[in-house]
Amino acid sequence: MIAPVTIESLDQEGRGVAHAQGKVIFIEGALPGEVVTYNPYRKKSNFEMAQVGQVLKPAYARVTPQCRHFGTCGGCSLQHMDARAQVAAKQRILEDNLKHIGKVESELILPAVYGAAWGYRYRARLSVRYVAKKGGVLVGFHEKRSSFVADMQACEVMPLHISRLILPLRELVGSLSILDRIPQIEVSLGEEVDVLVLRILEPLTSQDEVLLTAFADRHHIQFFLQPEGSPQTAYPFYPKDAPELNYTLPEFDIVMPFHPTEFTQVNPAMNRILVRRALNLLDPQPGERIADLFCGLGNFTLPIARRGAYVAGYEGSAAMVRRAGENAKRNGLARNTQFVEANLFEINEAWMQGQGYFDKMLIDPPREGAIAVVNSLGEGRTAPPRIVYVSCNPATLARDAGVLVQGKGYLLKAAGVVNMFPHTAHVESIALFEKAAV
Ligand SMILES: C[S@@+](CC[C@H](N)C(=O)[O-])C[C@H]1O[C@@H](n2cnc3c(N)ncnc32)[C@H](O)[C@@H]1O
Ligand code: SF4
């Protein structure tokens, strides 16, 4: 029998970490401080992956998971932990990454930002699969460590009215002629309309169209269809005259229209707080020239411009660059913004110098981080005195922080987490860097 272990910490996937017989054991479902038994499902010479067995001494933070699919569905990994304790654990993950990967410490730890723990998820990519054995169609996230679609009936992290659509959607797809040719439904919720993008590998029949139309009317949603590979090709199917898909940032008087397959932050309530915090740290002033790198549809660019600064937004997707330009116009901010298409993973110092001097810079990269960006910053006066870095991956933030602090003469003034993805292991964080006085 395997001896019980004491859990020392949480890893980046939300697993408990313990040591036994010279190996590191990563245990799903175990929390720091707990004494547990475990069942290994993968054994290597220096580590094991395991599922929790018995919890012999539970942590104070242990709670009963709210969702009946927790444990099977791969969408959440921390529902057995109190939501506030999750944030504290994520803060620790951020600090540990900064210390061990970046070899830096933040002068100030920003208080963590909390929001609603349930019903926050306004974007989701649901897989669809016809499973004869289950007697019909499944619509849901993948099961943990598997390509099977979970037999989901409701989802607690999605808004209730959308969670309630899961069973009707299963029935709807099951009644279509192409029930085994619909691999995915993308959920994209706005303030005035809820969109479901149906990926279809074969054309619909006229009877299918009648069924979709009736479903949209009954449940007050808009269907988009995506017959080809590229998400940008998705087009409104029914109703064609639905209100536009958008989110708003009332504090900055901004309306942000978007296409249902374009990147937007999954948690719009938290996004408002994230933008406010980023702007407070950046403190843009009229007359300043600011860069917004990985700007997407202008989520930070337009609020910065609203404060009177001139902002250059840089983004890799041509469609998003177009969208950001349209959004700037729409909000009366075209005159103090410019958007540039650039692959920011492949820039160098000469490119950065060619963009001219920036007083400040905001960086919000994908999980890979922004190593080329930080390496491209000059060491002298050409580098912006202040950088706000928004990150969805503490490991790459820590790596880039190491370059900024050890290689480019910045100080890490503040860092903290924003609880953008409750019950998942994802950590959203924000950091402020300033040039050390010379
Ligand atoms: C985390 S999102 C942030 C978007 C935006 N700041 C927001 O808050 O909505 C990262 C953005 O980086 C863009 N991106 C991904 N790879 C890129 C690359 N190599 N060069 C430039 N932009 C890239 C994506 O298209 C996406 O818009
Ligand atoms: S993603 Fe939804 S269905 Fe899956 S465990 Fe989380 S709340 Fe439950």
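Residues numbered from 1 in each chain as written. Chains lettered and ligands numbered in written order. Predicted model: local features only at pLDDT ≥ 70, side-chain atom pairs only at ≥ 80, totals over all residues.

1. Things to note about the overall build of the protein chain
Condition: Under the DSSP-based scheme used, a helix requires at least four consecutive residues in state H or I and a strand at least two consecutive residues in state E, with every element numbered from the N terminus. Atoms counted for the radius of gyration: C-alpha only. Globule rule: 2.2 Å times the number of residues to the power 0.38. By definition, residues are in contact whenever their C-beta atoms, placed on the basis of the backbone, come within 7 Å of each other.
When helices and strands are tallied, the protein chain shows 10 helices and 22 strands. Against the compact-globule benchmark of 22 Å for 438 residues, the protein chain has a radius of gyration of 23 Å, which places it among compact chains. Seen through its principal axes, the protein chain has C-alpha atoms that stretch 70 × 65 × 35 Å. Considering only intrachain contacts with a sequence separation of at least 6, the fraction spanning at least 24 residues in the protein chain is 63%.

2. Quick word on the sheet that holds strand β12 (residues 222-226)
Paired through backbone hydrogen bonds, the strands of a sheet run either parallel or antiparallel to each other. Heads up, the rule is: Strand pairing is assigned whenever DSSP detects at least two bridges linking the two strands. Angles run from 0 to 180 degrees between N-to-C directions of axes, and those axes are lines fitted to C-alpha atoms, restricted for helices to the stretch in contact.
One open sheet holds the 6 strands; their spatial order is β9-β8-β10-β11-β12-β13, and the pairing between them is mixed. Each edge of the sheet is formed by a strand with only one pairing partner; in this case those strands are β9 (136-140) and β13 (235-238). Between one strand and the next, the sheet's axes are offset by a mean angle of 30°, whatever the strand orientation. Pairing of strand β11 (residues 194-199) with β12, which is carried by 5 bridges, proceeds in the parallel orientation.

3. Some points on the site of ligand 1
Rules: Each residue gets a C-beta atom placed from its backbone. If that atom is within 6 Å of a molecule or strand, the residue is near it. Under the scheme applied here, ten amino acids are nonpolar (Ala, Val, Leu, Ile, Met, Phe, Trp, Tyr, Cys and Pro), four are charged (Asp, Glu, Lys and Arg), and all others, including Gly, are polar.
Around ligand 1, the structure places 20 residues, and the nearest of them are F294, G296, N299, G316 and L344. Residue classes in the shell around ligand 1 are distributed as 11 nonpolar, 7 polar and 2 charged.

4. Focus: the UniProt feature "active site" (unreviewed entry) in the protein chain
Using the following cut-off: UniProt positions are given in the numbering used here, feature names are shortened, and annotations may be inferred rather than shown by experiment.
UniProt records the feature "active site" (unreviewed entry) for C392 in the present numbering. Counting through the fold element by element, C392 comes out in the loop between β20 (386-391) and α10 (394-407). Here C392 is in contact with R367, H426 and E428, once residues within four sequence places are set aside.

5. Topic: the site of ligand 2
Lining the immediate environment of ligand 2, one finds C67, H69, F70, C73, G75, C76, F141, M152, C155, E156, V157 and H423. In the shell around ligand 2, the residues fall into 8 nonpolar, 3 polar and 1 charged.

6. A look at helix α4 (residues 206-219)
In an α-helix there are 3.6 residues to a turn, and that puts residues three or four apart on one side. Going by this rule: The span one expects for a helix is its residue count, reduced by one, times 1.5 Å.
Helix length check: α4, at 14 residues, gives a terminal C-alpha distance of 20 Å against a target of 20 Å (1.5 Å per residue), a fit within 8%. Residues of α4 that are buried in the fold lie against α3 (166-175), β12 and β13. Phi turns positive, to about 55°, at H220, one or two residues after α4.

7. Some words on the nonpolar core
Counted only if it meets this: A set of buried Ala, Val, Leu, Ile, Met, Phe, Trp, Tyr and Cys residues, joined to one another through C-beta atoms within 7 Å, is what we call a nonpolar core. Think of it as a crowd count around each C-beta: if 20 or more other C-beta atoms lie within 10 Å the residue is buried, if 12 or fewer it is exposed, and in between it is partly exposed, with C-beta placed from the backbone throughout.
Core analysis: the largest hydrophobic core is formed by 121 residues, its most contacted members being V139, A278, L293 and V388. Considering every element that reaches this core, the biggest residue donor is helix α5 (residues 268-282), with 7 residues. Those residues within four positions of L293 in sequence are excluded, and the remaining contacts are Y314, L344, M361, L362, I363, A370 and V373.

8. Let's talk about unusual backbone geometry
That bond from Y238 to P239 is cis: its omega, -15°, falls within 30 degrees of zero. Looking at where P239 falls in the secondary structure, it is placed in the loop between β13 and β14 (246-249). You will see that R145, though not glycine, has its phi angle at about 50°, which is positive. Mapped onto the elements, R145 comes out in the loop between β9 and α2 (160-163). In this structure, F294 takes a positive phi of about 65° despite not being glycine.

9. Digging into the environment of L362
Tracing the backbone shows L362 in strand β19 (residues 360-363). A tally of 28 C-beta atoms within 10 Å means that L362 is categorised as buried. For the pair formed by L362 and V390, sequence separation is 28 residues and the distance between their alpha carbons is 7.6 Å. Beyond its immediate stretch of four places on either side in the chain, L362 contacts A278, L282, D292, L293, F300 and V388.

10. Concerning the UniProt feature "domain: TRAM" (unreviewed entry) in the protein chain
Residues given the UniProt feature "domain: TRAM" (unreviewed entry) here are residues 1-54. Across residues 1-54, the secondary structure splits into 0% helix and 59% strand, with the terminal C-alpha atoms separated by 13 Å.

11. Notes on the sheet that holds strand β21 (residues 410-418)
Taken together, 8 strands build an open sheet; the order of strands is β7-β21-β22-β20-β19-β16-β17-β18 and the sheet is mixed. The two strands at the open ends of the sheet, each matched to only one other strand, are β7 (108-109) and β18 (337-341). Direction of pairing for strand β16 (residues 289-293) relative to β19: parallel, over a ladder of 4 bridges. Paired with I290 across the strands is K360, a residue of β19. In the packing of helix α1 (residues 83-102) onto the sheet, the strands contacted are β21 and β22 (428-435), and the crossing angle to β21 comes to about 155°.

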